[in-house]
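# Tertiary structure, described
As a plain string of letters, each chain reads:
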Amino acid sequence: MTLPEMQKTRDKLLFTPGPLTTAMKVKEAALIDLGSRDSTFISLVQQIRQKLLDLAHVEPPEYEAVIIQGSGTFGIESAISSALPEGGTLLNIINGAYGRRISQIAHIHSIPVIELIYEENQLPDIQEIETALKVNSEITHVAIIHGETTTGLLNPISVLGEITALYNKALIVDAMSTFGAYDIDMKKLNISYLISSSNKCIEGIPGFSYVLAKRSELEKCKGQSRSLSLDLFDQWTGLNSNGQFRFTPPVQALLAFHTALNLLDKEGGVDARAIRYRENNKLLVNEMKKAGFEIYLPDEIRSYIITSFIYPTHPNFSFEMFYSKLNEKGFVIYPGKLSKVDCFRIGNIGQLFPDDIQMLVDAIADVLRELKIDLRVK
Ligand SMILES: *Cc1c(COP(=O)(O)O)cnc(C)c1O
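If you're wondering where the values come from, they're calculated on a predicted model, not measured in any experiment. (Residues numbered from 1 in each chain as written. Predicted model: local features only at pLDDT ≥ 70, side-chain atom pairs only at ≥ 80, totals over all residues. Heavy atoms only, no water.)

## What about the overall build of the chain?
Of the regular secondary structure elements, the chain holds 13 helices and 15 strands. Taken along its principal axes, the extent of the C-alpha atoms in the chain is 60 × 55 × 35 Å. In the chain, which comprises 378 residues, the share counted as buried stands at 56%. Across the chain, every contact between residues at least 6 apart in sequence was considered, and the portion connecting residues at least 24 apart equals 72%. Accessible area of the chain: about 16400 Å², with a carbon and sulfur share of 52%. Each charge class in the chain was averaged separately, 38 positive and 45 negative side chains, and the resulting centres sit 2 Å apart. (Helix = DSSP H or I, 4+ residues; strand = E, 2+ residues; numbered from the N terminus. Buried < 20%, exposed > 50% of the residue type's maximum accessible area, 1.4 Å probe, protein only. Contact = heavy atoms within 4.5 Å. Areas by Shrake-Rupley, 256 points an atom, 1.4 Å probe, with all protein chains shown as cover. Lys, Arg positive; Asp, Glu negative; His and termini not counted. Charge placed at Lys NZ, Arg CZ, Asp CG, Glu CD.)

As structure tokens, this is what we get:
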């Protein structure tokens, strides 16, 4: 299909963890050529940085927002490879693929890591974390994923904030899939670095990530980065000195993001968005259960962002077939990423509403009928 042909049909709905289905206004905002030194652009970047801090309930100069070109992982790599000093050690708490990715980043930059590894359907053991901090005085930073997109699990960052404050360690939170959907007060939670990206719950288009950081921590990053393009300190001082990026910024993604932030306000902020996502998720889970699907995680540790469903054991079920039939009908779901259990995932973030969820579960019922699968008879 050519682009004009595609534009005649409705976009497929993305039930994924991002890139997401976005509002037409967000997409339209990107249809402008604008120089990176244009004063309109520079002031727009400044507004975005301020708004991100507002959303985290913090203010400059105590906290600062740094935008990093690239996807979410670039922001995480920027924070990890800039924040850890020579001789510092990272305590990484892992219960999914994104936690493992943080260790991978540390390894590549030869940063010492102590790992606490848990099952993908298990919360970290707080006692064990506290012991690790007590025993290993070389630990300077602690990393945790807020919403583990691998499964949809929600980690208890408030407890982590309390412990890291007690032991005076800097807390790095990957809030990629939750920022904008869960209310996060950085100061109250004692978060030193919070990372998210343009194409998750703020509902922008892909192109950049952002690191919100405590200024006193950010200042320590000077000269510490193991990378030129991902140097968090230089990126920050660059943005603060003349409002410009050191290297070509994703202008159109920033234009779209600015509009996405306005739409978030219009919706009623994070609280209103959380209500919509929660409604989406509740409808999805209830309808899928009714259809006979099994949810991987227990409700108590499940987020309302993305849900993992265990592959049915029915002989006619193949994920590839299930996926492609849904895709043909205009619904894009997401494969699993678990190491031990075969699952597929359905996200309910982005410009999706309960009506869209209903359309998806109706389409799933149609696909099951076509495949002659009835999961309700056991
Ligand atoms: C999406 C996501 C990332 C970043 O992934 P990219 O593909 O680099 O954008 C990191 N952590 C979590 C928890 C995520 O959901």
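## Considering the sheet that holds strand 11 (residues 294-295)
Sheet strands line up and pair through hydrogen bonds in the backbone, either parallel or antiparallel. With antiparallel pairing, four strands are arranged side by side in an open sheet as 11-12-15-14. Bordering the open sheet on either side are strand 11 and strand 14 (334-335), each of which pairs with just one other strand. Here two bridges tie strand 11 to strand 12 (residues 306-310), and the two strands are oriented antiparallel to one another. When the sheet's bridge partners are listed, Ile295 is paired in strand 12 with Phe309. This element, helix 11 (residues 269-291), spans strand 11, strand 12 and strand 15 (343-347) of the sheet and lies at about 10 degrees to strand 12. (Pairing = 2+ DSSP bridges. Axes fitted to C-alpha atoms, helices over the stretch in contact; angles between N-to-C directions.)

## Structural notes on the site of the ligand
The immediate surroundings of the ligand are formed by Ser71, Gly72, Thr73, Tyr98, Arg101, Ile145, Gly147, Thr149, Asp174, Met176, Ser177 and Lys200. At 2.5 Å from an oxygen atom of the ligand is found a side-chain nitrogen or oxygen belonging to Ser71. A distance of 2.5 Å separates an oxygen atom of the ligand from a polar atom in the side chain of Thr73. Here the ligand, which alone exposes 390 Å², has 85% of that area covered by the protein. For the shell around the ligand, the secondary-structure elements that each account for two or more residues are helix 4 (72-83) and helix 5 (97-108). (Near = heavy atom within 4 Å. Polar contact = N/O pair within 3.5 Å; in protein donor to acceptor, adjacent residues only side chain to side chain.)

## What about the nonpolar core?
Phe179, Ile191, Ile202, Tyr210, Leu212 and Leu254 are the most contacted members of the largest nonpolar core, which has 81 residues in total. For this core, the element with the most residues is helix 10 (residues 251-267), which contributes nine residues. Those residues in contact with Phe179 that sit more than four places away from it in its chain are Leu52, Leu55, Ala56, Ile184, Leu194, Ser196, Cys201, Ile202, Tyr210 and Leu212. One finds Phe15, Val285, Phe319 and Leu375 within the second-largest nonpolar core, a separate group that totals 27 residues. (Core = buried A, V, L, I, M, F, W, Y, C linked by side-chain atoms within 4.5 Å.)

## Examining the domain arrangement of the chain
Along its sequence, the chain is organised into domain 1 (3-20 + 269-370) and domain 2 (24-265). Here domain 1 and domain 2 have C-alpha centroids that lie 27 Å from each other. The partner domain 2 presents 31 residues to the 30 residues of domain 1 that form the contact. In total, domain 1 and domain 2 occlude about 2500 Å² of area from one another, counting both sides; carbon and sulfur atoms represent 53% of this. At the surface where domain 1 touches domain 2, the tally comes to four salt bridges. (Domains from an automatic or database assignment. Buried area = accessible area lost by both parts, 1.4 Å probe. Salt bridge = Lys/Arg side-chain N within 4 Å of Asp/Glu carboxyl O.)

## Describing empty space enclosed by the protein
The tally for this structure, following the rule as stated, stands at two cavities of 30 Å³ or more. Volume-wise, the largest cavity comes out at about 40 Å³. Lining the largest cavity are Ala23, Val26, Ile202, Glu203, Ala260, Leu263, Arg273 and Gln351. Tallied by class, residues from the lining of the largest cavity come to five nonpolar, one polar and two charged. In this structure, the second largest cavity encloses a volume near 30 Å³. If you trace the second largest cavity, you find it lined by Leu55, Phe179, Gly180, Tyr182, Asp183, Ile184 and Val270. By residue class, the composition of the lining of the second largest cavity is five nonpolar, one polar and one charged. (1 Å grid on protein atoms, 1.4 Å probe; cavity = no way out; pocket = protein on both sides within 12 Å on 5 of 7 lines; lining within 4 Å. Points joined across faces, edges and corners; volume = space filled by probe spheres on them. Nonpolar A, V, L, I, M, F, W, Y, C, P; charged D, E, K, R; others polar.)

## Remarks on the packing of helix 3 (residues 39-55) against helix 10
Axes are the key here: two packed helices are described by the angle between their axes and the distance separating the axes. Contact geometry of helix 3 with helix 10 gives a least axis separation of 10 Å together with a crossing angle of 45 degrees. Classified by the angle between their axes, helix 3 and helix 10 sit oblique to one another. Note that helix 3 runs across helix 10; the crossing there is left-handed. Contacts between helix 3 and helix 10 involve Phe41, Leu44, Val45, Gln47, Ile48, Lys51, Leu52 and Leu55 from the former and Val251, Leu254, Leu255, Phe257, His258, Leu261, Leu264 and Asp265 from the latter. The residue makeup of the contact of helix 3 with helix 10, split by class, is 12 nonpolar, two polar and two charged. (Parallel < 35°, antiparallel > 145°, perpendicular 65-115°, else oblique. Left-handed = near helix turned anticlockwise from the far one by under 90°.)

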